[in-house]
Each structure stands twice: as C-alpha cells, then as structure tokens.
There are 2 protein chains.
Amino acid sequence: MNGAGLAGAPAARLAILCGAGAFPLEVAADARRAGRDPFLVGLVGSSDAAIEAYPHVWVRIGEVGKLFAALKGRGVTELAMVGAVTRPELSDLRLDWGAIRRAGELAQLFRRGDNGLLVGLAAIFEREGVRVVGAHEIAPRLVAPEGPLGAHAPGAEDDGDIAFGARLLGALSEFDAGQCAVVAAGRVLAIEAAEGTDAMLARVAEMRSVGRLKSRGPSGVLVKAPKRGQDLRLDMPAIGPGTVAGAARASLRGIALAAGAVLMVERERCVGDADAAGLFIAGFAP
Amino acid sequence: MNGAGLAGAPAARLAILCGAGAFPLEVAADARRAGRDPFLVGLVGSSDAAIEAYPHVWVRIGEVGKLFAALKGRGVTELAMVGAVTRPELSDLRLDWGAIRRAGELAQLFRRGDNGLLVGLAAIFEREGVRVVGAHEIAPRLVAPEGPLGAHAPGAEDDGDIAFGARLLGALSEFDAGQCAVVAAGRVLAIEAAEGTDAMLARVAEMRSVGRLKSRGPSGVLVKAPKRGQDLRLDMPAIGPGTVAGAARASLRGIALAAGAVLMVERERCVGDADAAGLFIAGFAP
C-alpha cells in the first residue's frame, strides 16, 4: 500500500525559506523535479506571491515561534535559505513569543556582520532539529558546472585571465572583500567590494565609454568565486540575466564561474542571452 | 675665486621632465629651495607654460635626439620625471634622428605595459649617463611623513582600519592592481583598480547617497600605498586637493598614506582643506 515510501529511507522533509524574487521558485521547482516535496516559507513583504503554488506558510520576520511551529507541524528536517532578504533592524521586528524566548540570542546575532548573523541563524535552526542545506545541494542544475555552458568558449588568453582572476580573489579572501573582478590580458580592470557586481560592471562600461580603457573589440573576463572557507549553505555567489547584460554592456569576452560554487539564477536565460551577446559563460575548477 | 664650488663635490646638475599640471613646478621650487638649479624639460602639449620661469627647453614627445642634446649641453647628470603624461601611441610620435637611431628599442618599449615603458625609458637615460631620481629624493617636503599632518589625528579604530587596508594593498601588490582602498570598521568598502582614486571615492559617496552604505556620521579611511617593489623614481602614488575633496564627499574620517612613499601635490592646501573638512591626513609606517 505504501510501497514507494517503504522502498528506502524516507526523504527528509524540505523547507525553503524564500527571499525576494523568482529564484526561490526556481529552486523549489528543481527540488520537486528531483522528487522532493518542498514546503515554502514566505516572508511577508519579501517573497513572491507565486510561492502559494506550493504548500506554504507566510511569516513576518520576527515571528520565530510561528515559523518553528509550522516547520515542526510539517515534519521539516531540512531547510534552505534562498534569495536575498534585506537585513532588518532589530527594532523593526515584530517579535512573537517564540522570538521573545530567544530574544537575548537574537539581539546578540544582530550585533554581528551579515555573515555572523547567518551563521547564528543556521545554528538556531540546527538546534531545533532542522539541518540547513544550500540551494546547490537541492538544485544542482542551477550551479555552474566545469567547462563552457553555451555556444562560446574561452580562448587561451581568457584562460590566463581566469586563472589570474581566481588567484586574485583567493588573495582577497581573508579580507572578506569582493567575490568578483574583471581581468583583461593580465590587467585588473575592476575589483568588487561593497558596490556589488552590477555596479562594478557598469564602471567597466563607463571606463570604456570615456576612453579610460581602450581596446579593439571586446576584452576582459568577469571572474566570480566564493571566498575561501565561505559557507555555501548560507551565502553563495550568484549570477543572473542582469549580470550577463552588464557583462555585455562592459564589452567583456565572457563570464567565468567557480564550478560547483556559483549559482545561476534563470540559467537557461543566462546562457541564451550570453550566446546572443557573443559572451562565453564557463565554469572553472576552483 | 671659485671657493664655493670647490668646497665639496659639485652638485649633480638636475633636470625635471615635466608632465601636466603644477606639480612639476612645486618640485622645481623645492629643489631650488634645497640649493639646486633645476633645468626643466617641457613636453609640448602637456607641460604648464609656467616652466619658462626656469632654465628650460621644450621638446615634443619623440624628439629624443633634441632632448639628449639639451641634457648634454647643460651637463645634466640627474633627471626626475614628474607629473602625468598621457601615454602616446607609437604611431603619433614625431620621431627625430635621435629617436630613429633608437627606433628598435623604442618600439620594444611600446609593447610593454606602463610600468615596463617607464623602466625602459629610465634604462635609456641611465645609459646616456643621466641618473633617474624620484621627486621624493629632490623634494622630500612633498612626501608624506609619519604621523598626523594637520589638526585631526586617527583614533584607535582608524588605526585598525589603516593596518587592515595596508595589509590588503600588500596582498594586492603581486596583481599590479590598485594603490588604494577604503576601509570602514574592518569592512572593505572599495578597492581601486583601473578607475583611479577619484572615481573610487565618488563610488563611496554614491553608495552612501543611495543608502547602500549606512553610518551615523563620517566613517572609513582612504588608505594609499605603493605596490611592494614599486620603483618610486618612476611611478609614485600621489594625492592632491582633489583627493581631499573626494574623501570629504565620501564622508570618510581621513586619509592614510604610506610614509615616505606617497607624494602630496599642493601639500599645504591638502592639509588646510582636510582640516576644514574635519578629515585627518596621516602617514603610517609602511
């Protein structure tokens, strides 16, 4: 009667804590394709209403008690945090009793940096019996593989720039600075810090348009990789169609991603847009 | 009759190859204050006409023969290259016979990066018996000393940011990337690459104005230092009043310079402007 369920160990019940945008839905669809039955947690004011196509619950940030009750009620044992959430101010939170019980601990978290906050949240989930997993573990199709992904591939000079950029990002790791840089023929054109990837690419486009950078035709590679030791379950570098459009406007030759460690939001569209713009997208062995 | 001249070794005759702006004139005035009698070489289309207040010659870029004849005629044995010169295209040069004699070598130089070009030029001067010296050697007053320079001084947290920024720039050295970064409370806000210091500071101001960076009051330090192993005779990091204005617009707390290794263009005005804006300017032991 229940043969399928008895055939192996029951799959852990998966929840997805959904940040903004469509990416949590992409991950949910991929998880479903892999035979999982994800339970979606929507954050009021952040998550896309389309999460309602799945079993779901809406919570406000701060409704920690409601969140844990919902996860427990559904038998959730694994949770992925997917998509960006604007960091709230502690004073803006509507804390419920579940939060107030943990108020001291939460206040501690809010004194940390973004990464410390996420690490602390993960620890709280795990203590409640919910294992935190990364989007790359439940939707591996959305993670950059090794090698070229579309119609174009990096050439020998590009390979040199990719290796150089990867070494540069490695050296920056300990300073918790950017996760990407633009390298052209061995020259560093731009390094990301607090401005983000899109602004960095816009800067390269601007340098070309004012003649600060000169080249005949496209040049340079956007290289993106996580910091060494970065916990990919909590904070994984990502690109999307906006990144591809930015790279095209910056007249780059392509985009190189640390294989297995960078998410591709709207992967098919990224690859299609890159093909159309003459850009390569390729994963490199980190 | 010629007692003064006989009292010691005769001072080497100094020439200053003048790039754009007033800084070559500042260096010349300082050299004169130190008892030197500098001979100025103006580059047609680049140098300030005010160089004519000194013994001088005008040459076009490419008039290598005329340049060496002038240096020889004046008995020049030391030369400083001061101020920025827009890198010419080899094909734009008006080569004279002196250049054509050296055409193979010059063509080689133009295949190198900026630094290689300068190193090669220095080698050519030295082979002609002209020692290349740095602005810091002939105008030490214009080089950042150790410690605070104006009315404001860095505090303990600033000292931490300065040390962090200096380590970051050290780690970037081998990649020949930027010479400066902005660090605030241990967080890297911006790293300079091809865009230059002014554009980097404008970016920090922009991130604040759009709310991407939040702080109550000024925060962050601009840290500037040469790359490890950089030949300061040929290419020395510099700040000027524009840098101070940019740091003020970016709401920084101050500017930290590697002592003995960063030039201050219009030093008095830099310090006065920083004082007025509430910024510190301080040299740190590299």
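The preceding data block contains the structure.
Draft legend 1. A look at the sheet that holds strand E1 (residues 13-18) of chain B. Residue and element names in this part refer to chain B. Read from one edge of the open sheet, 5 strands run E3-E2-E1-E4-E5, paired in parallel fashion. Pairing within the sheet leaves two strands with one partner each, and these edge strands are strand E3 (56-59) and strand E5 (131-133). On average, each strand axis in the sheet is inclined to that of its neighbour by 25°, with strand direction left out of account. Across 4 bridges, the pairing between E1 and strand E2 (residues 39-43) is parallel. Following the sheet pairing, Ile16 is matched in E2 by Leu40. Its contacts with the sheet place helix H2 (residues 23-33) against E1, E2 and strand E4 (76-82), and it is angled at close to 165° to E1.

Draft legend 2. Layout of helix H11 (residues 267-277) of chain A. Residue and element names in this part refer to chain A. Within the sequence span of H11, burial applies to Arg267, Cys270, Val271 and Ala274. For H11, the angular spread of the buried residues around the axis is 90°, confining them to a single face. Buried positions along H11 lie against helix H2 (23-33), strand E10 (238-239), helix H10 (241-249), strand E12 (263-264) and strand E13 (280-284). Positive backbone phi, at 80°, marks Gly278, one or two positions downstream of H11.

Draft legend 3. Structural view of the relation of the copies chain A and chain B. Relative to chain B, chain A is turned by 180° and slid 0.0 Å along the rotation axis, the superposed coordinates differing by an RMSD of 0.1 Å. Viewed as a symmetry operation, the transformation between the two copies matches a two-fold axis. Interface residue correspondence from chain A to chain B reaches 100%, placing this contact among same-surface, isologous pairings.

Draft legend 4. Spatial organisation of the interface of chain A and chain B. Taken residue by residue, the interface counts 21 residues in chain A and 21 residues in chain B. When chain A packs against chain B, the two sides together hide about 1800 Å² of surface, and 65% of this comes from carbon and sulfur. Three residues, Phe175, Ile191 and Ala194 of chain A, lead the burial of chain A against chain B; their summed loss comes to 33% of the area buried on that side. Here chain A is connected to chain B by 4 salt bridges. Note that Arg203 of chain A and Glu195 of chain B form a salt bridge whose closest N and O atoms lie 3.7 Å from each other. Where chain A packs against chain B, one counts 8 residue pairs in polar contact (both at pLDDT 80 or more). Only helix H8 (156-172), strand E8 (187-191) and helix H9 (197-209) of chain A provide two or more residues apiece to the side of chain A that touches chain B. When grouped by side-chain class, the residues that make up the side of chain A that touches chain B number 14 nonpolar, 1 polar and 6 charged.

Draft legend 5. Region of the structure containing the packing of H9 of chain A against H10 of chain A. Residue and element names in this part refer to chain A. Across the interface, H9 lies against H10 with an axial gap of 8 Å and an inter-helix angle of 15°. Classified by the angle between their axes, H9 and H10 sit roughly parallel to one another. Regarding H9 and H10, the two cross each other, and that crossing is left-handed. Listed contacts from H10 to Thr197, Asp198, Leu201 and Ala205 of H9 are Gly242, Thr243, Gly246, Ala247 and Arg249. Class assignment for the residues of the contact of H9 with H10 results in 3 nonpolar, 4 polar and 2 charged.

Basis of the calculations
- Sequence positions are assigned chain by chain, starting from 1 and proceeding in written order.
- Throughout, the order in which chains and ligands are written sets their labels, letters from A for the former and numbers from 1 for the latter.
- Since the coordinates come from a predicted model, pLDDT governs what is reported: local features require at least 70, and pairs of side-chain atoms require 80 or more to be given and counted, while whole-chain, interface and lining totals use all residues.
- Excluded from the side-chain calculations are hydrogens and water; all other atoms, namely the structure's heavy atoms, are used.
- Should DSSP find at least two bridges between two strands, the strands are taken to pair.
- We count a stretch as a helix when DSSP gives it H or I for four or more residues in a row; a strand needs E for two or more, and each element gets its number in order from the N terminus.
- Interaxial angle, 0 to 180 degrees, is taken between N-to-C directions of lines fitted to C-alpha atoms, where a helix line uses only the stretch in contact.
- Here, residues are in contact when the closest pair of their heavy atoms is within 4.5 Å.
- For every residue, the accessible area obtained with a 1.4 Å probe (protein chains only) is divided by the maximum for its type, and the residue is called buried under 20%, exposed over 50%, and partly exposed between those limits.
- Working definition: the arc comes from the directions between the helix axis and the C-beta atoms, pointing outward to the latter.
- Superposition of the copies used a least-squares fit over C-alpha atoms from residues whose pLDDT is at least 70 in both.
- Accessible area that two parts lose when put together, with a 1.4 Å probe and added across both, is what the buried area reports.
- In what follows, salt bridge is the name for a side-chain nitrogen of Lys or Arg lying within 4 Å of a carboxyl oxygen of Asp or Glu.
- Under the rule applied, a polar contact is a pair of N or O atoms within 3.5 Å (in protein, one hydrogen donor and one hydrogen acceptor; residues adjacent in sequence only if both atoms are side-chain atoms).
- Lys, Arg, Asp and Glu make up the charged group, whereas Ala, Val, Leu, Ile, Met, Phe, Trp, Tyr, Cys and Pro make up the nonpolar group; the residues left over, Gly among them, are polar.
- Angle categories are assigned with fixed cut-offs, so that under 35 degrees is roughly parallel, over 145 is roughly antiparallel, 65 to 115 is roughly perpendicular, and the rest are oblique.
- Left-handed describes a crossing whose near helix is turned anticlockwise from the far helix through less than a right angle; right-handed describes the clockwise counterpart.

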